[in-house]
Amino acid sequence: MALAAAALPAGASARSFVVRDGRARFEVLTPSLIRMEYAQDRRFENAPTLTATRSRLPVPRFSTRVSGGWLVIRTRQLTLRYRLESGPFSAANLRLTIHRGGRRVTVAPAAGSTAGNLGGWTRALDNQDGPVPLHPGVLSKAGWYVVNDTDTVLLGEGSSFRVRPPHAGPYQDWYLLGYGLDYAEALRDLRALTGPAPLLPRSAFGVWFSRYFPYSASDYHALLAQFRANRVPLDTLSIDTDWKHENNQAGAAIAARVAGAPGRPYSWNGWEWDTTLFPDPERFISWAHAHGLSLTLNIHPTIDTSDPRYPAAAAQAGPLTPDGGQCRILEADPRGQCMTFNWNSPRQLAAYLKLHAPFEHQGIDFFWLDWCCDGPQATVPGLTEDTWINSRYYVEQHARGSRWPAFSRIGGAFAESGADGPDNDRAEGDGGDGALADHRYTIQFTGDTCATWPMLAFEARLSAEEGNIGLPYISDDIGSYNGVPGNLPCGTSDYQVTQAAVASRQLPDDLYARWVQFGTFQPLDRLHSNHGNRLPWEYGRAADASATSFLQLREALNPYIYTLARHAYDTGLPITGALYLRWPRVAGAYRHPSEYTFGPNMVVAPVTASGDPAPATVWIPPGRWIDFFTGRRFRGPRQRTLSVPLSQMPVLVRAGAIVPTQPYRPFTPPGPPRALTITAFPGARRSFRLYDDQGLGFGYARGLFAWTQISQARHRGRITLTIGALRGSFPGAPRARSWTVRLLEVARPRVVRVGGRIVRGWRYDTSGRALTIATGRRTSDRALTIVAQ
């Protein structure tokens with residue numbers, strides 16, 4: 001007989017979220033999320049797991065009853081039936097009824113079902129030149145998904161976990177999401193179950209640069225001067241592996257030739273600076289910070305027995321394990337032995353993390369965990385190795401007061417062999433569904449891709465589909481790591497490139513420019529390569545002009561992107577989302593996987609074909625849209641093939657939308673900008689809420705932030721744009737701001753008023769039908785209205 005702790009009439013306020021039927025326990029967490037636990041021995045589990053942290057939620061309204069031998073749980077979103085005392089959950093004893101596509105559908109939910117799944121994630125794209133299979137996400141055309149948490153390790157105190165205790169008889173721990181076509185609600189539920197993603201520092205959404213190349217401190221000085229001279233912004237330097245001292249000079253000389261940089265230093269693992277490249281690391285770090293740059297160091301998580309810090313690390317860790325894989329070759333030290341740490345041992349984990357302490361004290365902002373080619377290090381049933389070590393980096397960073405999380409691969413572990421290939425980059429965790437938790441800890445970088453048009457298209461698809469596991473931050477190697485096919489391991493070329501281009505890893509101009517365009521409208525924008533050219537001024541005039549303008553645009557869009565990141569933290573919705581998240585009932589939204597949303601009012605379709613101009617097939621969503629670059633108007637839903645010059649890309653803005661940008665800056669400081677440009681596109685009444693906080697620290701999670709409501713209305717030739725008062729507070733909140741307002745597609749006005757007063761210092765572009773109004777410095781605690789008519 002069912003014991004329903006919340007057996008209340010439909011519509012009543014439930015006092016408990018737990019419903020029990022003997023060996024089966026159900027917890028109603030939201031109207032579309034129910035935990036289902038079966039324990040033959042009646043030992044139920046209440047501790048959080050690595051995946052399911054289960055933040056406190058208000059108890060939803062639901063009802064329970066027993067009818068015809070079935071336990072029935074009903075919410076406003078779904079009805080779940082379980083046949084009383086019928087044993088472990090299966091298709092025979094479960095029925096789920098949901099609303100999908102305007103009708104009620106009944107299914108038999110089961111863990112592991114991928115029918116209708118809309119895609120998910122992969123650990124990395126190393127050495128790939130096109131699409132790879134993806135693990136499933138939580139979104140499915142079927143309208144439901146089961147997160148199987150049965151084996152996932154339990155979280156303990158501090159930096160500990162516990163393997164699930166054995167049960168006497170069958171045990172299941174499922175989380176059933178029944179969302180129908182409300183995919184956004186599914187991602188909100190996933191956030192409620194697994195926790196929010198952190199909000200990155202404001203500067204993280206600017207421009208990054210890295211290159212596998214033995215740069216010295218003086219090289220970086222010269223490089224920054226080039227960025228500044230070419231008016232290309234730069235916010236973050238990712239310093240690749242050659243910052244480390246060489247273990248063996250003779251072996252390094254050979255490895256350097258293989259790596260494509262003969263005569264240059266070469267290093268793989270190592271825990272001390274190469275002082276020939278960085279004679280004074282602290283001075284270099286201080287210089288970088290003084291110029292607005294954040295720094296991350298590449299880490300390969302092993303240690304050579306010849307490393308000067310090995311004796312102390314081994315003394316603290318206890319016996320370390322020799323790596324049985326590629327590390328011995330990659331470190332190029334025939335006299336030493338590559339040793340690995342067991343991250344599930346508290347003692348060895350502490351010793352491993354202590355290796356980072358000197359760099360933390362010197363001021364390195366975060367670490368790039370490049371765990372690609374070293375053997376397994378945390379193999380425990382129910383533990384996803386990537387997720388565990390990423391979480392440990394996150395805890396370390398949080399303790400430092402830093403918002404920067406791990407910069408790493410996600411969801412599995414490197415393994416020397418396996419069914420998915422020698423690097424096994426597409427393997428899942430060891431029984432733990434860790435990829436669903438990695439958003440809490442990680443910026444995912446996707447690894448060493450090859451430069452092809454199909455790979456560019458697939459990266460666009462991947463960033464959207466990884467939103468289906470709640471991951472808002474994904475970082476591709478913009479321009480690819482390995483360069484064009486012809487470079488091992490990228491196979492042969494599918495288009496004509498010169499041997500010189502292959503040797504230099506130079507991309508064709510159009511492919512480079514299109515990749516930079518794609519990066520501009522991604523969560524993170526990081527130029528990276530293996531000794532290859534990825535900077536605008538290293539390419540032809542047209543590609544240089546295009547790439548430079550798009551990198552400047554990326555920096556300008558920081559206020560907009562930072563607001564999207566806050567929404568991702570609050571809602572679980574990704575920064576780049578699949579089209580069906582917004583238009584789940586429209587068939588066309590499922591047919592264009594490389595096209596995606598960039599916030600609720602912007603749609604991006606990267607150009608993935610050669611030529612200038614190049615063809616691009618674009619799906620126009622329902623409603624009215626305006627081309628961001630040309631002002632051309634479209635009405636959807638429909639498909640169009642556009643001819644796109646190298647200076648532009650298809651970016652559609654919803655009619656009436658408002659896009660905030662900042663003036664050109666060589667880098668973005670952490671605090672809110674004091675000068676902003678508001679671009680109001682023609683169309684219906686619409687608004688945008690601009691987000692601000694300190695840009696660093698964790699005040700944003702304690703209510704220290706503010707919003708500014710910006711709205712426009714157009715009626716019979718009169719345009720009214722209102723900038724609301726700043727609502728909220730935080731240290732450093734702007735007391736005043738200067739606004740530049742751009743009203744697009746307007747007739748030349750007879751009169752312009754700012755704050756009720758007629759002004760005359762406005763500009764009108766007749767060819768573009770654009771009106772620009774500078775408000776001057778205005779206090780933030782009062783609303784400001786601009787009227788043109």
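Before reading on, note that the structure itself is shown above.
Residues numbered from 1 in each chain as written. Predicted model: local features only at pLDDT ≥ 70, side-chain atom pairs only at ≥ 80, totals over all residues. Heavy atoms only, no water.

A. Molecular detail of the sheet that holds strand β4 (residues 63-67). With antiparallel pairing, the five strands of this open sheet are ordered in space as β4-β5-β6-β7-β8. Either end of the sheet is taken by a strand with one partner, and the two such strands are β4 and β8 (103-107). Taken pair by pair, the neighbouring strands of this sheet meet at an average axis angle of 20°, ignoring direction. Pairing of β4 with strand β5 (residues 70-74), which is carried by five bridges, proceeds in the antiparallel orientation. Note that in β5 the partner of Ser 63 across the bridge is Arg 74. (Pairing = 2+ DSSP bridges. Helix = DSSP H or I, 4+ residues; strand = E, 2+ residues; numbered from the N terminus. Axes fitted to C-alpha atoms, helices over the stretch in contact; angles between N-to-C directions.)

B. The nonpolar core, seen in detail. Judged by nonpolar contacts, the single largest core of 200 residues is most densely connected at Phe 341, Tyr 352, Tyr 473, Phe 521 and Leu 743. Ala 24, Phe 26, Phe 62 and Leu 176 belong to the second-largest nonpolar core, a separate cluster that totals 24 residues. (Core = buried A, V, L, I, M, F, W, Y, C linked by side-chain atoms within 4.5 Å. Buried < 20%, exposed > 50% of the residue type's maximum accessible area, 1.4 Å probe, protein only.)

C. Main features of helix α5 (residues 310-317). Listed as buried for α5 are Tyr 310, Ala 313, Ala 314 and Ala 317. The buried residues of α5 occupy an angular sector of 95° when the element is viewed end-on, so they sit on one face. The exposed set on the far side of α5, more than 90 degrees from its buried face, consists of Pro 311, Ala 312 and Ala 315. Those residues of α5 that are buried lie in contact with β16 (302-304), β18 (338-340) and α7 (346-354). (Arc of directions from axis to C-beta. Contact = heavy atoms within 4.5 Å.)

D. Up close: the packing of aromatic side chains. Scanning all chains against the criterion turns up 53 aromatic pairs. Considering the side-chain rings of Phe 26 and Phe 89, the 5.8 Å spacing of their centres and the 50° angle between planes classify their relative orientation as tilted. Note that Phe 26 is positioned in strand β2 (residues 24-30) and Phe 89 in the loop between β6 (78-83) and β7 (94-100), a separation of 63 residues in sequence. A relative accessible area of 0% places Phe 26 in the buried class. In this structure Phe 89 comes out as buried when scored by relative accessible area, which is 5%. (Phe/Tyr/Trp six-rings, centres within 6.5 Å; stacked < 30°, edge-to-face > 60°.)

E. Seen up close, the pattern of salt bridges. As enumerated under the stated definition, the model contains 20 salt bridges in all. With a closest N to O distance of 3.6 Å, Arg 35 and Glu 37 form a salt bridge. The exposure classification of Arg 35 matches that of Glu 37, with both residues buried. Put simply, Asp 693 and Arg 403 hold a salt bridge, and the shortest N to O gap is 3.2 Å. Taken together, the residues Asp 693 in the loop between β33 (686-692) and β34 (705-715) and Arg 403 in the loop between α9 (385-399) and β20 (406-408) connect sequence positions 290 residues apart. You'll find Asp 693 and Arg 403 in the same group, each marked buried. A single network of salt bridges, built from pairs that share partners, joins Arg 25, Glu 27, Arg 35, Glu 37, Asp 149, Arg 164 and Asp 173. (Salt bridge = Lys/Arg side-chain N within 4 Å of Asp/Glu carboxyl O.)

F. The arrangement of the side chain of His 245 in detail. Among the secondary structure elements, His 245 is positioned in the loop between β14 (236-239) and α3 (249-259). The residues contacting His 245, other than those within four sequence positions of it, are Ser 267, Asn 269, Glu 272, Trp 273, Asp 274, Asp 307 and Pro 308.

G. Fine view of the state of the cysteines. One pass over the full model with this rule turns up three disulfides. Across the disulfide from Cys 327 sits Cys 338; the S-S distance is 2.0 Å. One disulfide, between Cys 327 and Cys 338, carries an S-S torsion of 85° and so falls in the right-handed class. Taken together, the residues Cys 327 in helix α6 (residues 327-330) and Cys 338 in strand β18 connect sequence positions 11 residues apart. The burial state of Cys 327 is the same as that of Cys 338; both residues are buried. (Disulfide = S-S within 2.5 Å.)

H. Summary view of the side chain of Thr 49. In this fold, Thr 49 is placed in the loop between β3 (33-39) and β4. Since its relative accessible area comes to 3%, Thr 49 is described here as buried. Of note is the side chain of Thr 49, whose polar atom sits 2.8 Å from the backbone nitrogen of Ala 52. What Thr 49 contacts, discounting residues up to four positions off in sequence, is Asp 149, Thr 152, Val 153, Leu 154, Leu 155 and Arg 164. (Polar contact = N/O pair within 3.5 Å; in protein donor to acceptor, adjacent residues only side chain to side chain.)

I. Geometry of the environment of Ala 435. As for its position among the elements, Ala 435 is in the loop between β20 and β21 (442-445). The exposure class of Ala 435 is buried, given its relative accessible area of 1%. Between the alpha carbons of Ala 435 and His 135 there is a distance of 9.6 Å; along the sequence they are 300 residues apart. Once you skip the residues sitting within four places of it in the chain, Ala 435 turns out to touch Trp 121, Thr 387, Gly 411 and Ile 469.

J. Just unusual backbone geometry, in detail. Note the cis peptide between Asp 612 and Pro 613, where omega equals 5°. Following the sequence through the fold, Pro 613 ends up in the loop between β27 (602-604) and β28 (614-627). The backbone of Ser 480 shows a phi angle near 80°, a positive value even though the residue is not glycine.

K. Representation of the pairing of β34 within the structure. Taken together, the seven bridges between β33 and β34 define a ladder with antiparallel strand orientation. Across the sheet, residue Ser 687 finds its bridge partner in β34, namely Ser 711. Across six bridges, the pairing between β34 and strand β35 (residues 718-723) is antiparallel. From the neighbouring strand, His 715 faces β35, where its bridge partner is Arg 718. Linking β34 to β35, which pair antiparallel, is a turn of two residues; within it Arg 716 sits at a positive phi near 50°.

L. Summary view of the pairing of strand β29 (residues 633-644). Pairing analysis gives 11 bridges linking β28 to β29, with the strands arranged antiparallel. Within β29, the residue paired with Val 618 across the bridge is Arg 640. The antiparallel hairpin formed by β28 and β29 contains five residues in its connecting segment, where Gly 631 sits at a positive phi of about 80°.

M. View of the environment of Ala 657. The topology assignment puts Ala 657 in the loop between β30 (651-654) and β31 (658-661). Since its relative accessible area comes to 1%, Ala 657 is described here as buried. Ala 657 has contacts with Asn 601, Thr 679, Ala 680, Phe 681, Arg 686 and Gln 712, leaving out every residue within four places of it along the chain.

N. Summary view of α7. By the burial criterion, the buried members of α7 are Gln 348, Leu 349, Ala 351, Tyr 352 and Leu 353. For α7, the secondary structure elements touched by its buried residues are β15 (294-299), α5, β18, α8 (357-362), β19 (366-369) and α9.

O. Representation of the sheet that holds strand β12 (residues 171-178). Pairing is antiparallel in the open sheet, where five strands are placed in the order β1-β2-β3-β12-β9. Bordering the open sheet on either side are β1 (18-21) and β9 (144-148), each of which pairs with just one other strand. On average, adjacent strands in this sheet sit at an angle of 20° to one another, irrespective of strand direction. Here β9 runs beside β12; their pairing, made up of five bridges, is antiparallel. Residue pairing across strands places Val 147 opposite Tyr 175, the latter belonging to β12.

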